[in-house]
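Here are the chains, one letter per residue:
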Amino acid sequence: MIYQAAFRAEIEAATSLRFGPVDGNGQAELIGVDPRVVEVFSSRSAEIDVAMGEWKAGWAQAHDGELPDTATQRAMANQMALGTRSTKPAEEHSTEELLGRWRDQVIEHGLQPDQLFVPAVAADPVDVVTPAVVVQEVGGVAAVFSRDDVARAVARHTTGTDAADVVATVEAVTAQVLAECVTVEAVGGPVRDSDGRPTLERPGTPIHTTTATLDMEARVLRWCETSGARTVDHADTEGLDPSQAAAVETVLGDGNQVSVIVGPAGHGKTTTVARVADAWRAEHGDVIGLAPSAQASRLLADAGIEAETVDAWLLNPQLPVRGMVIVDEAGMVGTAHLDRLRAHAVEVGVKVVLVGDPEQLAAVRKAGGVLADVVEAAPLPGNGLSVSELGVAHRFQNDTAAAVAAGLRDRDPAVIGILEDAGWLHGHQTPDTARTAVLDAAWTDAHRGLDTVMLVGTRADAAALNQQWQTRRVLVGELHPDTRHPRTGYMDGDLIVAKQNRRDIEWTAPDGEPEWLRNGTRVTVEHQGADGAILGRTSDGGRVMIDGDYAKTNTQLGYARTIHSAQGATVDTAHVLLGPSTESHGLYVAGSRARHATHLHAAQPTVEAGEYAAPAEPRVWSAGDAVVGAMEQVDPGTRSAHRQMREHRAEQVEAIVARYDGITPPAYPDPAERDRLTSLIERTGRHNTPAAATQVRTLTRQLAAWTTQHDTATAFDQQPGAVDYRNHWQQQIEQQQAPKIEHTQDHGMEW
């Protein structure tokens, strides 16, 4: 980000060119260039895609249907890029000749050369970025953040006379922002080096949050404890399992302004809230549903609850008098949005029901994690929270599928044995062989008539599998290359998926209800127009017309899906590609989509030469290692600021306990460290949890032992080597505490 900002400053200082708004990745386009020009002069990318598709088809025919590995495809793509480049003439053309040729190209595409570029006018003065703006931006996308996060946000808003000016501004404003934040410092790690001498690792990275985030979390938690809502005496619970029936009765009878229904994947949350809604309508008033995504809001609508996305509702936040609001997938709703809902709900006096599973995925680029705090605090006495948990799985068609989902949710390593016994855990030598295995297995299931899905952690893996699936369909004659559209690369019969909501693209669903194009809508291409427009059939049987510009920029092949896009989906079988980015919540979501079977595929990790020392006792890798590794990773987005700050302090305590464990007392540093230890004991003791209590007892013993034995220092100094030992320790402390003024990659700045 800082580099991009500095680069723009140097370009603008040296030329008359000007840049437009900066996007979330720190990139900006030149002002005045017609986007159609970019498309005209990017035609080679479409040519390369066509050439690559033809080459892959030929390769597969020559290799018994197998596709080339990633390295081979990358090398061939480079060759294709060279092969599609027009041959340079023997004589160089003049600038005038080249400009004439380019003008002709533009005219061939129906554009006027004199209207393609509007010179940038003098830019309006840019306000100097303020700490308040950055605090609001960074705190809005994450409950806690690092110095790097702040520096990136500052750089997005920074301009300057040159690169040095930009860097100086970023440094200064970053420091101002962090001064306004709530910070938990980090403590060094292990205490001994390879020779057994006392040592300290470099301090860890501090974490920061904003007072606004902490205040919002506190307001939402207090709201969840507030009583005074209307109740319903009777509800129809016939046909529900006992936990569903109990949840319906609790929500309708607890009198809380907020009730929470927690249900693991496939436990009938939607069925439960539909009964709640029916009973409330019969006695009080209207019920509306809110959800973080258009697809989730549609599931509520299918259950008979008028629903909207949270973002769309906040544009015109109307609530029904004496009504109820049901928030589905509440764990994916950001804290700021919940706080705004709280304000409106309290003003109107409506009942709110939060529905979700804190173990599933978190809000996307929004500070969240409050639902998990509510659920965690519910068992504590006297808190006034109303949390009902569903306990019977309905989605899964066999005990193994249910056990796998439950084991992944609980992060129980025993699930590995269940997967292995079922033949659902697969290890592979390389990422390419793992990807091919996912493709083969899903292909087999799909051609057996099963509703199957390939789930991956990254867009890159999804794109690779989508391309391979499309190529295989060409090989077996399901798709015909002569129908490939040069603008999109799609062929008639391809399955695509929408990536952005478009309410003006409408169609009539088979049940006669009007529908619009939602993010995640899956469409089979039936016909393509000259400009890339698509006439297609939706997964529910409706027919929709998608304009060419939307098809080009906001759709993609839909054979493989990222795990995040699949939350809420139900299929017959799932084939999951695990990778370094797979973390515990994503693993659980991926492992709970399928009714019948979930197959997990993992590739053996590769280690670059010299990257790590060889273990003393090498062990054989297994796919179970990948599962355990994913279970041990936790997405910070699923944790509130309060919780992350609390956990960070606990890590501090553990680090200090480890630092002093087994070290002779006179080797401790100066008394200031004892004061710091005392302060940590006091702060940790404020958290009424078993873990905190254990840490307090341990630290108290350490402090007592230190105080009692400190008088032995003089005797210790008489021992051989004692002075060297003490000096080495003090040197380590001084090195750790020395200020770091250089701005390098290790310091945390991104360049």
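Refer to the preceding data block for the structure.
What you are looking at is a predicted structure, and each value in this text was computed from that prediction instead of being measured.

*Asks:* Explanation requested: the overall build of the protein chain in the structure shown.
*Replies:* What the protein chain contains, in helices and strands, is 28 helices and 20 strands. Of the roughly 37500 Å² of accessible surface on the protein chain, a fraction of 51% belongs to carbon and sulfur atoms.

*Asks:* Even after reading the chapter, I still don't get the pattern of salt bridges, so can you show me in this structure?
*Replies:* When charged atoms on two side chains of opposite charge get close, those side chains can pair. Under the criterion given, the structure shown has 24 salt bridges. A salt bridge links Asp 254 to Lys 351, with the shortest nitrogen-to-oxygen separation between them at 2.7 Å. Placement of Asp 254 in the loop between helix H10 (242-253) and strand E3 (258-262) and of Lys 351 in strand E7 (residues 351-356) is noted, with a sequence separation of 97 residues between them. Note on Lys 351: relative accessible area 2%, which makes it buried. One salt bridge connects Glu 515 with Arg 298, and the closest N-O pair in it is separated by 3.3 Å.

*Asks:* I keep staring at the sheet that holds strand E19 (residues 571-577) and nothing clicks. Help me out?
*Replies:* As summarised here, the arrangement of the 5 strands in space is E9-E20-E19-E10-E18, forming an open sheet in which the pairing is parallel. Sheet topology places strand E9 (425-428) and strand E18 (560-562) at the edges, where each strand pairs with a single neighbour. Neighbour-to-neighbour, the strand axes of this sheet turn through a mean angle of 25°, independent of strand direction. Taken together, the 4 bridges between E9 and strand E20 (residues 594-603) define a ladder with parallel strand orientation. Along E20, the bridge assignment pairs Leu 425 with Leu 600. The strands that helix H23 (residues 623-632) touches are E9 and E20; relative to E9, the one it contacts most, it runs at about 105°.

*Asks:* What exactly am I supposed to notice about the sheet that holds strand E8 (residues 387-389) here?
*Replies:* Strand pairing in a sheet is mediated by backbone hydrogen bonds. Such pairs are either parallel or antiparallel. If you walk across this open sheet you meet the 6 strands as E5-E4-E6-E7-E3-E8, and the pairing is parallel. Edge positions in the open sheet fall to strand E5 (306-309) and E8, since each of these has one partner strand only. Neighbour-to-neighbour, the strand axes of this sheet turn through a mean angle of 20°, independent of strand direction. The sheet contact formed by E3 and E7 spans 5 bridges and is parallel.

*Asks:* What is the right way to read a nonpolar patch on the surface from this model?
*Replies:* Taken together, the side chains of Leu 17, Leu 30 and Val 33 make up a nonpolar region of the molecular surface, amounting to roughly 190 Å² of accessible area. Mapped onto the secondary structure, Leu 30 falls in the loop between helix H1 (2-14) and helix H2 (35-40). Overall, Leu 30 belongs to the partly exposed group, its relative accessible area being 34%.

*Asks:* How should I be thinking about H1 in this particular structure?
*Replies:* Each turn of an α-helix holds 3.6 residues, which means side chains three or four residues apart point in the same direction. An ideal rise of 1.5 Å per residue puts 18 Å on 13 residues; H1 measures up with 19 Å between its terminal C-alpha atoms. If you check which residues of H1 are buried, you get Ile 2, Ala 5, Ala 6, Arg 8 and Ala 9. Down the axis of H1, the sector holding all buried residues measures 160°, keeping them to one side. Summarising the geometry of H1, the exposed residues directed more than 90 degrees from the buried face are Tyr 3 and Ala 14. Those residues of H1 that are buried are in contact with helix H7 (147-156) and helix H8 (163-179).

*Asks:* I keep staring at the environment of Asp 149 and nothing clicks. Help me out?
*Replies:* With respect to the helices and strands, Asp 149 occurs in helix H7. Exposure remark for Asp 149: the relative accessible area of 27% places this residue in the partly exposed category. For the pair Asp 149 and Val 134, spaced 15 residues apart in the sequence, the C-alpha separation amounts to 10.0 Å. Within the structure, the side chain of Asp 149 is placed 2.5 Å from the side chain of Arg 152, a separation counted as a polar contact.

*Asks:* Sorry if this is basic, but what is going on with the packing of aromatic side chains here?
*Replies:* The description of an aromatic ring pair uses the distance of the two centres, along with the angle that the planes make with each other. In total, this model carries 2 aromatic pairs according to the counting rule given. Seen from their ring centres, Trp 469 and Tyr 559 are 5.8 Å apart, and the 20° between their planes marks the pair as stacked. Taken together, the residues Trp 469 in helix H19 (residues 459-475) and Tyr 559 in the loop between strand E17 (555-557) and E18 connect sequence positions 90 residues apart. Judged by its relative accessible area of 9%, Trp 469 is buried. Overall, Tyr 559 belongs to the buried group, its relative accessible area being 9%. Of the aromatic side chains, those joined through ring pairs into one cluster are Trp 443, Trp 469 and Tyr 559. A cation over an aromatic ring shows up here: Arg 503 above the ring of Trp 516, its NZ or CZ 4.2 Å from the ring centre. Above the plane of the ring of Trp 516 lies Arg 518, whose end atom (NZ or CZ) is 4.4 Å from the centre.

*Asks:* I keep staring at the nonpolar core and nothing clicks. Help me out?
*Replies:* Inside soluble globular proteins, nonpolar side chains tend to come together where they are buried. Within the largest apolar cluster, 32 residues are counted, with the highest numbers of intra-cluster contacts made by Leu 408, Leu 455, Leu 587, Leu 600 and Val 627. What Leu 587 contacts, discounting residues up to four positions off in sequence, is Leu 408, Leu 578, Thr 582, Leu 600, Val 627, Ala 630 and Met 631. Judged by nonpolar contacts, the second largest core, of 30 residues, contains Trp 443, Met 454, Val 525 and Ile 534.

Reading guide: rules and limits
- Residues numbered from 1 in each chain as written.
- Predicted model: local features only at pLDDT ≥ 70, side-chain atom pairs only at ≥ 80, totals over all residues.
- Heavy atoms only, no water.
- Helix = DSSP H or I, 4+ residues; strand = E, 2+ residues; numbered from the N terminus.
- Areas by Shrake-Rupley, 256 points an atom, 1.4 Å probe, with all protein chains shown as cover.
- Salt bridge = Lys/Arg side-chain N within 4 Å of Asp/Glu carboxyl O.
- Buried < 20%, exposed > 50% of the residue type's maximum accessible area, 1.4 Å probe, protein only.
- Pairing = 2+ DSSP bridges.
- Axes fitted to C-alpha atoms, helices over the stretch in contact; angles between N-to-C directions.
- Contact = heavy atoms within 4.5 Å.
- Patch = residues over 30% accessible without salt bridge, like charges linked within 9 Å, V, L, I, M, F, W, Y side chains within 5 Å.
- Expected span 1.5 Å × (residues − 1).
- Arc of directions from axis to C-beta.
- Polar contact = N/O pair within 3.5 Å; in protein donor to acceptor, adjacent residues only side chain to side chain.
- Phe/Tyr/Trp six-rings, centres within 6.5 Å; stacked < 30°, edge-to-face > 60°.
- Lys NZ or Arg CZ within 6 Å of the ring centre and 35° of its normal.
- Core = buried A, V, L, I, M, F, W, Y, C linked by side-chain atoms within 4.5 Å.

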